[in-house]
Amino acid sequence: MFAMIIVSTMALNANRFIQINNQTLIEGQLESQVVAYAQDIIEESRALAFDEETTYDNQGNSIVPVNIPTGFSFLGPDAGETDRTQYNDFDDYNGHEETVTINTVDYFVDVVVEYVETNDYETYTVAAGKSTLKRITVNIESNFLKKNIGGANTAYNFSFIRSYYAD
Amino acid sequence: MNFGIVISYVIAAFLTITIITITYTVGFSNQEVTTTLMKKNHSQAIQQILINDVPKIGFKNMGIVEDMFITATTKKISFKADLDNDGDVEVIIWEYKPDKAPEHAKNPHVDTVTRTVDGVETDITVGITNFVIRYYDTYGSSTPMSTPISSSDYEDIVQIEFEMELQSDFSLNYRASDDDNYVTTSWRKRFSPVNLRPN
């Protein structure tokens, strides 16, 4: 009887060990894809103009608003920009949400863009109004990436701060 | 024979079988983990080279290289860039060769990718089973440009996506009768190189 209890305990521990192994394997695989996709969005947003008011004219020259930063636009997509292919400036990604399927795994993506304070180099708190710094944060989750088995999805956040003057 | 002894033998046999099975299963799981980590390391090594090369497309000191693309197909991309910032523009070629299996490969699906910099070719033979290159003419588009891309359309390219799949060189089968099961890892990334920006 005692031997059976010991062996049963061993079997249960082994199963737990294997389950943890499998979970770690899957997490490792999917997390590298999460990082890659977040980088895709950040790189893409950086390729666009800093602001709707600084987009390019027909000659390819960047327009400069008279007053900086108050002349910048409000965050989010502008009129007529209904999907990602129509975005033409950095903050158009604010509020962007999509579910992307990569190798049969669904990832839920949402993006936030905010103006941040220019004199707070430690925490970059959100600015009350407009500023010359914008921060993009890409949040990604997947049903295969959970904090605990059966628990909530792990939220992966990736941020990048862009300066109007350092463009 | 004493009934108690028979029962004891049965229980002992059952326990022995259980312990052997557990040992085998844990060993197999460890083998899976190790092989997956190995493949992930291989994949990351290739990713790092791509991340070094692709964002520099068209780069040269104090300017942008004219006619930066030479070839753009799903299996091959060649472009110009001053990779090491030494003032000389190099020609870089990434090519997937699905018909060229590495000599050591035991996995029949494994092919070769070559990276060539100014004529110096390096074979990448770490278990690549698929390598696809896609080109986009609009940021965020889900529809790639049709390939091969003609030279007149090179200037329309704004994003380049790489997708690759790697498999282990040997199969991991729980039972000898199982079909060949290779550990697979895949990665997809879309680059938005600075020098491809329309403005």
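Residues numbered from 1 in each chain as written. Chains lettered and ligands numbered in written order. Predicted model: local features only at pLDDT ≥ 70, side-chain atom pairs only at ≥ 80, totals over all residues.

1. Overview of the overall build of chain B
Here comes step 1: When helices and strands are tallied, chain B shows 1 helix and 9 strands.
Here comes step 2: Each helix and strand of chain B, placed in order from N terminus to C terminus, yields the pattern α-β-β-β-β-β-β-β-β-β.
Here comes step 3: At 25 Å, chain B has a C-alpha radius of gyration far larger than the 16 Å of a compact globule built from 199 residues.
Here comes step 4: Along the longest, intermediate and shortest principal axes, the C-alpha atoms of chain B span 95 × 35 × 30 Å.
Here comes step 5: Expressed as a percentage of the 199 residues in chain B, the buried residues total 27%.
Here comes step 6: Taking all contacts inside chain B whose residues are at least 6 apart in sequence as the whole, residues at least 24 apart take part in 50%. (Helix = DSSP H or I, 4+ residues; strand = E, 2+ residues; numbered from the N terminus. Rg over C-alpha atoms; globule rule 2.2 N^0.38 Å. Buried ≥ 20, exposed ≤ 12 C-beta atoms within 10 Å, placed from the backbone. Contact = placed C-beta atoms within 7 Å.)

2. Quick word on helix α1 (residues 2–46) of chain A
Here comes step 1: Between its first and last C-alpha atoms α1 of chain A spans 65 Å; for 45 residues at 1.5 Å apiece the expected length is 66 Å, and the two agree.
Here comes step 2: Within α1 of chain A the residues assigned to the buried category are Gln29, Gln33, Val34, Tyr37, Ala38, Asp40, Ile41, Ile42, Glu44 and Ser45 of chain A.
Here comes step 3: On its buried face, α1 of chain A sits against β1 (97–102), β2 (105–116), β3 (133–141) and β4 (156–163) of chain A together with β9 (184–191) of chain B. (Expected span 1.5 Å × (residues − 1).)

3. Examining helix α1 (residues 3–53) of chain B
Here comes step 1: An ideal rise of 1.5 Å per residue puts 75 Å on 51 residues; α1 of chain B measures up with 75 Å between its terminal C-alpha atoms.
Here comes step 2: Residues Ser29, Thr36, Lys39, Ser43, Ile46 and Asp53 of chain B constitute the buried set of α1 of chain B.
Here comes step 3: Tucked into the core, α1 of chain B has its buried residues touching α1 of chain A together with β5 (90–97), β7 (120–136), β8 (159–167) and β9 of chain B.

4. Some points on the interface of chain B and chain A
Here comes step 1: Contacts between chain B and chain A engage 25 residues on the former and 27 residues on the latter.
Here comes step 2: Within the residue set of the side of chain B that touches chain A, elements represented by two or more residues are α1 and β9 of chain B.
Here comes step 3: In terms of residue count, α1 of chain B provides more of the side of chain B that touches chain A than any other element does, 11 residues in total.
Here comes step 4: Taken together, the residues of the side of chain B that touches chain A break down into 8 nonpolar, 11 polar and 6 charged. (Nonpolar A, V, L, I, M, F, W, Y, C, P; charged D, E, K, R; others polar.)

5. A short note on the pairing of β7 of chain B
Residues and elements named next belong to chain B.
Here comes step 1: Both strand β6 (residues 111–117) and β7 contribute to a ladder of 6 bridges, which runs antiparallel. Within the sheet, the bridge partner assigned to Thr114 lies in β7 and is Asp123.
Here comes step 2: Hairpin remark: β6 followed by β7, antiparallel, with 2 residues in the connecting loop; positive phi at Asp118, about 50°.
Here comes step 3: Note that β7 and β8 share 8 bridges and pair antiparallel. (Pairing = 2+ DSSP bridges.)

6. What about the confidence of the model for chain B?
Here comes step 1: Considering every residue of chain B, the mean pLDDT works out to 91; 99% of them sit at 70 or more.
Here comes step 2: As scored by the predictor, the complex reaches a pTM of 0.88 and an ipTM of 0.85. (pLDDT = per-residue confidence, 0-100.)

7. Some points on the sheet that holds β5 of chain B
Residue and element names in this part refer to chain B.
Here comes step 1: Taken in spatial order, the 7 strands of this open sheet run β3-β4-β5-β6-β7-β8-β9, and their pairing is antiparallel. At either end of the open sheet lies a strand with only one pairing partner, and these are β3 (69–72) and β9. With strand direction ignored, the average angle separating the axes of adjacent strands in the sheet is 30°.
Here comes step 2: Most of the contacts of α1 go to β9, to which it runs at about 15°, and overall it touches β5, β6, β7, β8 and β9. (Axes fitted to C-alpha atoms, helices over the stretch in contact; angles between N-to-C directions.)

8. A look at the packing of α1 of chain A against α1 of chain B
Here comes step 1: Running from N to C, α1 of chain A and α1 of chain B cross one another at 15°; their axes reach a closest spacing of 10 Å. With respect to their mutual orientation, α1 of chain A and α1 of chain B come out roughly parallel. By crossing handedness, the relation of α1 of chain A to α1 of chain B is classed as left-handed. Between α1 of chain A and α1 of chain B, the residues in contact are Ala3, Met4, Val7, Met10, Ala11, Ala14, Phe17, Ile18, Asn21, Leu25 and Gly28 of chain A and Leu15, Thr18, Ile19, Ile22, Thr25, Val26, Ser29, Glu32, Val33, Thr36 and Lys40 of chain B, respectively.
Here comes step 2: Classifying every residue of the contact of α1 of chain A with α1 of chain B gives 14 nonpolar, 6 polar and 2 charged. (Parallel < 35°, antiparallel > 145°, perpendicular 65-115°, else oblique. Left-handed = near helix turned anticlockwise from the far one by under 90°.)

9. Details of the environment of Asn181 of chain B
Residues and elements named next belong to chain B.
Here comes step 1: Among the secondary structure elements, Asn181 is positioned in the loop between β8 and β9.
Here comes step 2: It is 33 Å that separates the C-alpha atoms of Asn181 and Thr143, two residues lying 38 residues apart in sequence.
Here comes step 3: Filtering out sequence-adjacent residues up to four positions away, Asn181 remains in contact with Ser171, Leu172 and Asn173.

10. Some thoughts on the pairing of β5 of chain B
Every other side chain in a regular strand lies on the same face of the sheet, so the side chains alternate between the two faces.
Residue and element names in this part refer to chain B.
Here comes step 1: Where strand β4 (residues 76–81) meets β5, 6 bridges bridge the pair, whose relative direction is antiparallel. Directly across from Ile77, in β5, lies its bridge partner Trp94.
Here comes step 2: Inspection of the sheet shows β5 paired to β6 by 6 bridges, in the antiparallel sense. What sits directly across from Ile93, in β6, is Thr116.

11. Brief notes about the sheet that holds β3 of chain A
All names here are of chain A.
Here comes step 1: Taking strand neighbours across the sheet as the criterion, the 4 strands line up as β1-β2-β3-β4 in an open arrangement whose pairing is antiparallel. What marks the edges here is a single partner per strand, and that holds for β1 and β4. Each adjacent strand pair in this sheet contributes to an overall mean axis angle of 25°, direction not counted.
Here comes step 2: Sheet topology places β3 next to β4; 8 bridges connect them, and they run antiparallel. Bridge pairing in β4 links Lys134 to Arg162.
Here comes step 3: Across the sheet, α1 lies against β1, β2, β3 and β4, angled at about 150° from β3, the strand it touches most.

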